[in-house]
Amino acid sequence: MTKAPFRRIVTGHNSEGKAIILEDSPPPRVQRVGGDTGPMFYEVWNTTATPAPIDPASGEPHEDKIVLAPPANGTRIRVLDIPPDDASFETMSAEERIAHFEEIGAGDAVADGGNSERHAHMHKTETIDYGIVLSGEIVLIMDEGETLCKAGDIIIQRGTNHGWANRSDQDCRIAFILIDGKFSPELA
């Protein structure tokens, strides 16, 4: 398993109620999704309720695998290293596109049954996502239009169909904070 080149520092409280550092290590769950050409997921933390319970020393709620969306009524923070787009994206079948997202429990998030002409990884989740580009650059692709996002840019992704294209020659590192959401009736 690959180690993330950043630390996850988790705070809590001791038995006297004093603030302490509970953990200081790389994120414990790391997985490449989609084979050698896919992004590396570094799962940082999740919560399972809103408001999130704050107690003295519990850890992150357990999850058996990496999942794209946050838990119901919860949140998730992760960092992705997205490599440059691979030529194989152009010839991916609908089934291969869906299988890519099924690795993270989100086969049903794939746009147009896997037949999107905009990008092989177009998808939509019922979430609000805050994306913060940490290094490199990435193109945010929408149903209509696209924009180049560079280090320091922040994207507020509001349950829209989208894809990420790395058209550069280096990885893009991007942090995502995902918040469980609910589509309004006209979008459901």
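Just above, that's the structure.
Chemist: When you look at the sheet that holds strand β11 (residues 172-180) in this model, what are you seeing that I'm missing?
Modeler: The strands that make up a sheet are held in pairs by hydrogen bonds between backbone atoms, and each pair lies either parallel or antiparallel. Taken together, the 6 strands give an open sheet; going across it, the order is β3-β4-β5-β11-β6-β9, and neighbouring strands pair in antiparallel fashion. The open sheet has two edge strands with one neighbour each: β3 (29-32) and β9 (154-158). Along the sheet, successive strands turn relative to each other by an average axial angle of 20°, direction set aside. Sheet topology note: the strand β4 (residues 40-47)/strand β5 (residues 75-82) ladder contains 7 bridges and is antiparallel. In the sheet register, M40 faces β5, and the bridge partner there is D81.

Chemist: Is there a simple way to think about the environment of L178 in this case?
Modeler: Looking at where L178 falls in the secondary structure, it is placed in strand β11. Separated by 51 residues in sequence, L178 and T127 place their C-alpha atoms 6.4 Å apart. If near-sequence neighbours (up to four positions away) are discounted, L178 is found in contact with L68, P70, G74, T75, R76, R78, I128 and D129.

Chemist: How should I be thinking about the environment of H162 in this particular structure?
Modeler: Checked against the element boundaries, H162 lands in strand β10 (residues 162-165). Residue classification places H162 among the buried residues on the basis of a relative accessible area of 2%. Sequence-wise, H162 and E102 are 60 residues apart; in three dimensions their C-alpha atoms are separated by 17 Å. At a separation of 2.8 Å, a polar atom in the side chain of H162 contacts the main-chain carbonyl oxygen of T160.

Chemist: Looking at this structure, I do not really get the pairing of strand β2 (residues 19-25). What am I missing?
Modeler: Sheet faces and side chains relate simply in a regular strand, where the side chains alternate between the two faces. Examined bridge by bridge, strand β1 (residues 8-13) and β2 share 6 bridges and lie antiparallel to one another. Within the sheet, the bridge partner assigned to G12 lies in β2 and is I20.

Chemist: Help me understand the environment of A69 in this model?
Modeler: Topologically, A69 is positioned in the loop between β4 and β5. Residue A69 is classed as partly exposed on the basis of its relative accessible area of 27%. Considering only alpha carbons, one finds A69 and T127, 58 residues apart in sequence, at a separation of 7.3 Å. Residues contacting A69, with those up to four places away along its chain left out, are R76 and T127.

Chemist: I'm lost on the pattern of salt bridges in this one. Help?
Modeler: Pairing is possible between side chains that carry opposite charge, provided their charged atoms lie close to one another. Inspection of the entire model under this criterion finds 10 salt bridges. Between R29 and E60 there is a salt bridge; the shortest N-O distance is 3.5 Å. You can see R29 sitting in strand β3 and its partner E60 sitting in the loop between β4 and β5, a full 31 residues away along the chain. Here the residues in one salt-bridge network are R8, E23, R29, E43, E60, E63, R76 and R78, joined through shared partners.

Conventions adopted
The numbers attached to residues start from 1 for each chain and follow its sequence in the written order. Where local features are concerned, this predicted model is filtered to residues with pLDDT of at least 70; where side-chain atom pairs are given and counted, the filter is 80 or more; whole-chain, interface and lining totals use all residues. As a convention, hydrogens and water are excluded, and side-chain values are obtained from all of the structure's heavy atoms. Between any two strands, pairing holds if DSSP finds at least two bridges. To qualify as a helix, a DSSP run of H or I must reach at least 4 residues; to qualify as a strand, a run of E must reach at least 2; elements of each kind are numbered from the N terminus. With axes taken as lines fitted to C-alpha atoms, and helix axes fitted only over the stretch in contact, angles between N-to-C directions fall between 0 and 180 degrees. The contact criterion used throughout is that any non-hydrogen atoms of two residues lie within 4.5 Å. Using a 1.4 Å probe on the protein chains alone, a residue whose accessible area is under 20% of its type maximum counts as buried, one over 50% counts as exposed, and one in between counts as partly exposed. Throughout this description, a polar contact denotes any pair of N or O atoms lying within 3.5 Å of each other; where both atoms belong to protein, one of them has to be capable of donating a hydrogen while the other can accept it, and for residues adjacent in sequence the pair is counted only when both atoms sit in side chains. Here a salt bridge means any side-chain nitrogen of Lys or Arg lying within 4 Å of a carboxyl oxygen belonging to Asp or Glu.

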